[in-house]
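Structure assessment
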Amino acid sequence: MFKQRKNAARVIVAAVGAFVAVAAIAQSAITFRNTITGEVLNFSDALPEGKDTPAVKEFMTTGVNPYNEDPSCLKQGEQTFLSACSGCHGHIGEGKIGPGLNDAYWTYPQNETDEGLFSTIYGGAQASMGPQYQNLQLDEMLKVMAWVRHLFKEAPEKATWLSDTQRKSFKPYAGHETLPDNPPGKCQAKK
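A brief structural summary.

Reading the values: rules and limits
Residues numbered from 1 in each chain as written. Predicted model: local features only at pLDDT ≥ 70, side-chain atom pairs only at ≥ 80, totals over all residues. Heavy atoms only, no water. Phe/Tyr/Trp six-rings, centres within 6.5 Å; stacked < 30°, edge-to-face > 60°. Helix = DSSP H or I, 4+ residues; strand = E, 2+ residues; numbered from the N terminus. Buried < 20%, exposed > 50% of the residue type's maximum accessible area, 1.4 Å probe, protein only. Axes fitted to C-alpha atoms, helices over the stretch in contact; angles between N-to-C directions. Parallel < 35°, antiparallel > 145°, perpendicular 65-115°, else oblique. Left-handed = near helix turned anticlockwise from the far one by under 90°. Contact = heavy atoms within 4.5 Å. Nonpolar A, V, L, I, M, F, W, Y, C, P; charged D, E, K, R; others polar.

1. Side note on the packing of aromatic side chains
Applying the stated criterion across every chain, the model contains 12 aromatic pairs. Taken together, a centroid distance of 4.8 Å and an interplanar angle of 55 degrees make the contact between F43 and Y122 tilted. Of this pair, F43 sits in the loop between helix 1 (2-27) and helix 2 (54-62) while Y122 sits in helix 5 (residues 114-123); the two residues are 79 residues apart in sequence, bridging distant segments of the chain. Here F43 matches Y122 in class, with each residue buried. Pairing F152 with F170 gives two aromatic rings, centres 6.3 Å apart and planes at 45 degrees, and the pair type is tilted.

See below:
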C-alpha cells in the first residue's frame, strides 16, 4: 500500500512538473539565449516589476519590440539609457568603453534583431557588459532598446528590426533632439 501511494505521488509530481514546463513555454514562444554561452535565459531572476506589461508579453511571444519608434516610449527609454548605459556606450550610442550602438556594425551580430539585443542586455556579454536583469525591469529594457534603435544614424534599409511601415517613415538620427513629455502611444502616462 505504501509503495502504491509513493508511486502515485511520483506520478502527480511528474504531471505537475510537466504542466509547469508547458506553461512556461506557452508564455514565451521564443527561446532567449545568453549571447556568449548560448544557455537558455532564466526569466525567474528578473525584477518582479515590469514583467507583466502588455509589451513584455507581446515581445516574449514575437521577439519584436512593440516600443520601436513609438514616440511615447522614447523619452523614457532615453532617460533610462542615459542613467544605465551611456557611461559605457556614450550619450548618443557612439561608443566609449563599450561598443557604439548607433550604426549597422554589431559586435554580436544577433543584436541586429530585437531578440538578440534583449538577450545581450538581459544576460550580459563579454568584458564590462554584465547582465542587467537585476538593474532594469524587462519593460525598461524594451524602452532602452527602442531608444537605441532610435539613435540609429544609417540608412533605413539597414534597420532590419523595423517593420516595412516603420522603415518608410524612419529618419536616421541627426543628433540631440528634444522629445515631447507625453505624446500618445503605448507608454503614455496615465492622467
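2. Structural notes on the packing of helix 5 against helix 6 (residues 138-150)
Running from N to C, helix 5 and helix 6 point in directions that differ by 120 degrees, and their axes come no closer than 10 Å. Between helix 5 and helix 6, the angle falls in the class oblique. As helix 5 packs across helix 6, the resulting crossing turns out to be right-handed. Residues D114, L117, F118, I121 and Y122 of helix 5 pack against L138, M141, L142, M145, V148 and R149 of helix 6. Classifying every residue of the contact of helix 5 with helix 6 by side-chain character gives nine nonpolar, no polar and two charged.

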